[in-house]
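Below, each chain spelled out in residue letters.
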Amino acid sequence: MAGVNKVILIGNLGKDPDVRTLESGTKVANFPLATTESYKNKSGERVDQTEWHNIVLWRGLAEVAENYLKKGNQVFIEGKIRTRSWEDKEGNKRYTTEILGDNMTMLGSRRDMDYSETKDSKAVSQTKAAEPASQDDDLPF
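Residues numbered from 1 in each chain as written. Predicted model: local features only at pLDDT ≥ 70, side-chain atom pairs only at ≥ 80, totals over all residues. Heavy atoms only, no water.

Asker: Would you mind going over the overall build of the protein chain in detail, with residue names and values included?
Answerer: Of the regular secondary structure elements, the protein chain holds two helices and six strands. Reading the helices (α) and strands (β) of the protein chain from amino to carboxyl end gives β-β-β-β-α-β-β-α. Counting over 141 residues, the protein chain shows a buried share of 28%. (Helix = DSSP H or I, 4+ residues; strand = E, 2+ residues; numbered from the N terminus. Buried < 20%, exposed > 50% of the residue type's maximum accessible area, 1.4 Å probe, protein only.)

Asker: Before we move on, can you summarise the confidence of the model for the protein chain with the specific residues and values?
Answerer: The predicted model of the protein chain averages 83 in pLDDT, with 77% of residues at 70 or higher. Per-element averaging of pLDDT across the protein chain places helix α2 (residues 121–130) at the bottom with 36 and strand β1 (residues 7–13) at the top with 97. With pLDDT under 50 throughout, residues 116–136 is counted as low confidence; its partners more than four residues away or in other chains account for 13 contacts. (pLDDT = per-residue confidence, 0-100. Contact = heavy atoms within 4.5 Å.)

Spelled out as structure tokens, the structure:
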């Protein structure tokens, strides 16, 4: 039977995405994502436990991250875990574990995103124009 390598995370960016363009023209974005789990300990006190994940996005997702994400934004990431190794300058073997994102959804309200600093303001203005004027409609549900 084949294995399953599936990760689903909802968290906040720890810093702005670091986006590079490789010699081939392919873009890759890297950023840390914080997920926080809350629980009550034996004495009834609320405890927050934060995990940090290294996120890697390629191609189109890297472009979206470059143009629209910034530190603090909340995102949904779906992907897989990948561990890779390399030798540093001193010859020591180093390891890192990353989440390779296959799917990303930006969460939070539009107010949470500062579109005035985006690199593609034309696409953003088109997106805003397509939005309904009011969220307070008279739907019965």
